[in-house]
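Structural characterization, general
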Amino acid sequence: MMNMTKEEMILASDQVLMQTYKRVPVVFTSGEKCILTDSEGKKYLDMMGGLAACGLGHSPRVLVEAINRQAAQLIHITNYFYNEPQLELARLLTANSFGDKVFFANSGAEANEGAIKLARKYAYTNFGPEKYEIIAMTSSFHGRTLGTLSVTHNEAYKVGIEPLPKGFTFVTFNDEKALEEAITPNTCAIMLEPLQGEGGITPATPAFMKKVRQLADEHQLLVIADEIQCGFGRTGTMFAHEQYDMIPDIMTLAKSLAGGFPIGAIIATDKVASAWKPGDHGTTFGGNPLACAAGTAVFQELLNLEIPSKAAANGAYFLEKLQELVDKYAFVKRTKGKGLMVGLELDFPGAAVVEKAFDKGLIINCTAGNIIRFVPPMIITKEELDTCVTILDEIFSQM
Ligand SMILES: *Cc1c(COP(=O)(O)O)cnc(C)c1O
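Residues numbered from 1 in each chain as written. Predicted model: local features only at pLDDT ≥ 70, side-chain atom pairs only at ≥ 80, totals over all residues. Heavy atoms only, no water.

The protein chain appears in an unreviewed UniProt entry as Acetylornithine aminotransferase from Anoxynatronum buryatiense. Per UniProt, the protein chain carries the Subunit (unreviewed entry) text "Homodimer." Checking UniProt for the protein chain, the heading Pathway (unreviewed entry) contains the comment "Amino-acid biosynthesis; L-arginine biosynthesis; N(2)-acetyl-L-ornithine from L-glutamate: step 4/4." (UniProt positions renumbered as here; feature names shortened; annotations may be inferred.)

Structure follows, in structure tokens:
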């Protein structure tokens with residue numbers, strides 16, 4: 001296998017893999033910090049960070065060591081039993097958030113799926129079977145399972161697989177009045193990303209977040225904050241909702257929780273978590289010692305390196321530099337986002353820019369059609385951010 005050329009590997013892959021992705025024709029073989037190396041030895045600056053999952057960069061020493069150590073000791077046992085790494089990570093997550101209790105899953109979609117189930121079970125237990133409806137936001141993204149597609153706004157993801165589960169509605173993101181009007185006696189929860197990722201790097205407004213909490217308290221609803229992409233220091237605070245006058249009841253995490261190792265988590269208050277009794281939810285892999293040891297290593301490093309404040313400072317610097325491109329080129333509309341979760345809005349589809357950047361050794365991606373998205377490893381340096389802006393400037397100057 002290792003003797004294959006890049007072209008042979010791509011051809012062979014397409015023969016045996018389901019064609020659900022439009023992959024870039026490159027084979028990556030190694031990574032260090034913010035730099036990826038392909039099978040031909042070419043190096044790239046990774047401003048995509050494995051879709052915001054590689055928060056500490058590629059193969060950080062602390063994560064490699066934790067995985068090696070734990071793999072040699074104990075990989076998996078199921079949740080029929082206790083294990084120490086799970087306790088350690090749950091303690092870190094509850095000590096550093098509003099939450100009292102954690103449920104571990106294996107991915108973002110799975111965490112959200114569980115959060116939906118928990119919110120419904122809570123409402124069922126406390127208010128009866130009629131209170132089950134969940135209000136989600138336009139431009140939202142919560143995952144690709146049937147349940148999470150029910151709260152994901154993009155219609156294109158739903159074609160050909162309906163009917164989806166019932167009991168979900170959408171309101172315009174950041175529209176307080178629309179939210180207020182959408183609440184009925186059947187509503188049990190409001191679900192949102194404090195900073196929308198996939199939908200276009202759009203932060204919630206302070207007024208909207210305040211209203212979410214106020215309406216939730218008034219109508220006895222739960223607030224589910226999906227911090228899968230915006231959590232873990234990326235926006236400048238450990239969790240994005242901390243920048244608002246809004247404490248959620250349930251929060252979901254995944255992506256950079258274990259620095260690229262698959263994991264997900266549901267965090268909730270004692271009051272909400274108590275709706276789940278033994279047998280109500282479960283997973284084979286969730287919370288296994290290996291994933292939790294990886295998560296613990298990443299979390300401790302986030303705290304040690306003071307990643308949230310670094311992301312705030314470097315993010316502010318990056319937004320300033322990108323603003324220069326907005327000022328220079330008429331077709332570059334505006335910057336979006338906070339910290340190291342940043343968007344650059346173009347007035348045309350961004351795919352061509354992504355492709356040109358790739359040829360120049362810069363990995364970015366495009367979301368919502370015309371928003372260039374930057375979710376780099378949070379250890380990125382100012383020099384690397386400068387490199388990114390210089391490459392974009394070169395590309396724009398030729399358009
Ligand atoms: C990526 C993402 C998900 C889904 O996570 P998966 O691990 O891909 O299932 C859910 N919500 C948000 C906000 C995300 O960015």
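Next up on the list: the sheet that holds strand β6 (residues 168-171). Spatially, β4-β12-β11-β10-β7-β5-β6 is the arrangement adopted by the seven strands of the open sheet, whose pairing is mixed. Each end of this open sheet is capped by a strand with a single partner; those strands are β4 (101-105) and β6. Averaged over all pairs of adjacent strands, the angle between their axes in this sheet comes to 20°, without regard to strand direction. When strand β11 (residues 250-253) meets strand β12 (residues 264-268), the two strands line up antiparallel, connected through four bridges. Within the sheet, the bridge partner assigned to M251 lies in β12 and is I267. Packing against the sheet, helix α4 (residues 84-95) makes contact with β4, β11 and β12, and its axis sits at approximately 125° to β4. Helix-sheet contacts for helix α8 (residues 206-219) involve β5 (133-137), β7 (187-192) and β10 (222-226), and the interaxial angle to β7 is about 160°. (Pairing = 2+ DSSP bridges. Helix = DSSP H or I, 4+ residues; strand = E, 2+ residues; numbered from the N terminus. Axes fitted to C-alpha atoms, helices over the stretch in contact; angles between N-to-C directions. Contact = heavy atoms within 4.5 Å.)

Under the 1.5 Å per step criterion, the end-to-end length of α4 is 16 Å for 12 residues, consistent within 8% with the ideal 16 Å. Of all the residues in α4, the buried ones are P85, L89, A90, L92, L93 and T94. Structurally, α4 contributes buried residues whose contacts are with α3 (61-73), β4, β11, β12 and α10 (289-304). Between a side-chain oxygen at the N-terminus of α4 and the backbone nitrogen of Q86 the separation is 3.0 Å; the capping residue is N83. (Expected span 1.5 Å × (residues − 1). Buried < 20%, exposed > 50% of the residue type's maximum accessible area, 1.4 Å probe, protein only. Polar contact = N/O pair within 3.5 Å; in protein donor to acceptor, adjacent residues only side chain to side chain.)

Time to look at the side chain of T252. Position of T252 among the secondary structure elements: in strand β11. Since its relative accessible area comes to 0%, T252 is described here as buried. Of the polar contacts made by the side chain of T252, one reaches the side chain of N112; its length is 2.7 Å. Once residues within four sequence positions are removed from consideration, T252 is found in contact with A111, N112, A115, A225, D226, E227, I228 and A265.

What follows is about the UniProt feature "binding site: N(2)-acetyl-L-ornithine" (unreviewed entry) in the protein chain. Mapped onto this structure's residue numbering, the UniProt feature "binding site: N(2)-acetyl-L-ornithine" (unreviewed entry) falls at R144 and T283. From the list above, the second largest pocket is lined by T283. For R144, the location among the structural elements is in the loop between β5 and α6 (146-149). Not counting the four nearest positions on each side in its chain, R144 is found in contact with A109, L149 and Y157. Checked against the element boundaries, T283 lands in the loop between α9 (270-273) and α10. Using a relative accessible area of 19% as the deciding quantity, one classes T283 as buried. Ignoring anything within four residues of it in the chain, the contact list for T283 reads N79, F103, F104, N106 and E110. A polar contact of 3.2 Å, which involves the side chain of T283, links it to the side chain of N106. (1 Å grid on protein atoms, 1.4 Å probe; cavity = no way out; pocket = protein on both sides within 12 Å on 5 of 7 lines; lining within 4 Å.)

What follows deals with the pattern of salt bridges. Inspection of every chain in the model, using the stated rule, returns 12 salt bridges. Residue K177 is joined to E181 by a salt bridge in which the shortest nitrogen-to-oxygen separation is 3.1 Å. Of this pair, K177 and E181 both sit in helix α7 (residues 176-182), separated by four residues, roughly a single helical turn. Residues joined by salt bridges that share partners form a network here, namely R213, D217 and D249. (Salt bridge = Lys/Arg side-chain N within 4 Å of Asp/Glu carboxyl O.)

Attention now goes to unusual backbone geometry. Omega for the bond connecting E162 with P163 falls within 30 degrees of zero, at 10°, which places this linkage in the cis form. Structurally, P163 can be placed in the loop between α6 and β6. A positive phi angle is found at N174, which is not glycine, with a value near 70°. In this fold, N174 is placed in the loop between β6 and α7. Of note, E306 is a non-glycine position whose phi angle comes to about 50°, a positive value.

Scanning all chains against the criterion turns up 14 aromatic pairs. Aromatic pair F232 and F299: ring centres 5.5 Å apart, planes at 80°, arrangement edge-to-face. Placement of F232 in the loop between β10 and β11 and of F299 in helix α10 is noted, with a sequence separation of 67 residues between them. Overall, the relative accessible area of 1% leaves F232 in the buried class. We classify F299 as buried; its relative accessible area is 0%. (Phe/Tyr/Trp six-rings, centres within 6.5 Å; stacked < 30°, edge-to-face > 60°.)

Near the ligand you find S107, G108, A109, N112, F141, H142, G143, E193, D226, I228, Q229 and K255, and these make up its full shell. Interatomic distance of 2.7 Å between a backbone N/O atom of A109 and an oxygen atom of the ligand. Here D226 contributes a side-chain N or O atom positioned 2.7 Å from a nitrogen atom of the ligand. In isolation the ligand exposes 380 Å². Once the protein is present, 79% of that is buried. For the shell around the ligand, the leading source of residues is helix α5 (residues 108-127), giving three residues. Looking at the shell around the ligand residue by residue, the class counts come to three nonpolar, six polar and three charged. (Near = heavy atom within 4 Å. Areas by Shrake-Rupley, 256 points an atom, 1.4 Å probe, with all protein chains shown as cover. Nonpolar A, V, L, I, M, F, W, Y, C, P; charged D, E, K, R; others polar.)

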